[in-house]
Amino acid sequence: MKITKEQRNNLLRIHNKLREAVNYIDDCRDISVSHLRDLDEAICVLHRVGKFCPKVDDEGNSRWFTDWVFMEHSEDDDDE
């Protein structure tokens, strides 16, 4: 897999946001709504760049609340 310069920049940006959120949570033992937004954004960037998606069940429904898999394995039947 090749990662573009733009994707690397996005990964660096979310890496820094994740570090900031974790540091804030650790220092304050609390979390702000903006940190939740940043965490959600980080997940979105990671699944776009990494081409992750939810597994799909036998009926074609996405299993959103299970661990995600590589896009090319999304319809595999095994639960690795």
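Figured I'd write up the structure that's included with this text. Computed from a prediction, not measured in an experiment: that's the story for all the values here.

Glancing now at the overall build of the protein chain. When helices and strands are tallied, the protein chain shows 2 helices and 4 strands. For the protein chain, the α and β elements follow one another from N to C terminus as α-α-β-β-β-β. Summarising its shape, the C-alpha atoms of the protein chain cover approximately 45 × 30 × 20 Å along the three principal directions. The buried share of the protein chain, taken over its 80 residues, is 20%.

With that settled, consider helix α2 (residues 33-50). Compared with the 26 Å implied by 1.5 Å per residue over 18 residues, the 26 Å span of α2 between its first and last C-alpha is a close match. If you check which residues of α2 are buried, you get H35, D38, A42, V45, V49 and G50. Buried residues in α2, looked at end-on, bunch into an arc of 105°, giving them a common side. Those residues of α2 that are exposed and angled more than 90 degrees off the buried face are V33, R37, I43 and R48. Tucked into the core, α2 has its buried residues touching α1 (5-28), β1 (52-53) and β4 (69-70).

Conventions used here
- Residues numbered from 1 in each chain as written.
- Predicted model: local features only at pLDDT ≥ 70, side-chain atom pairs only at ≥ 80, totals over all residues.
- Heavy atoms only, no water.
- Helix = DSSP H or I, 4+ residues; strand = E, 2+ residues; numbered from the N terminus.
- Buried < 20%, exposed > 50% of the residue type's maximum accessible area, 1.4 Å probe, protein only.
- Expected span 1.5 Å × (residues − 1).
- Arc of directions from axis to C-beta.
- Contact = heavy atoms within 4.5 Å.

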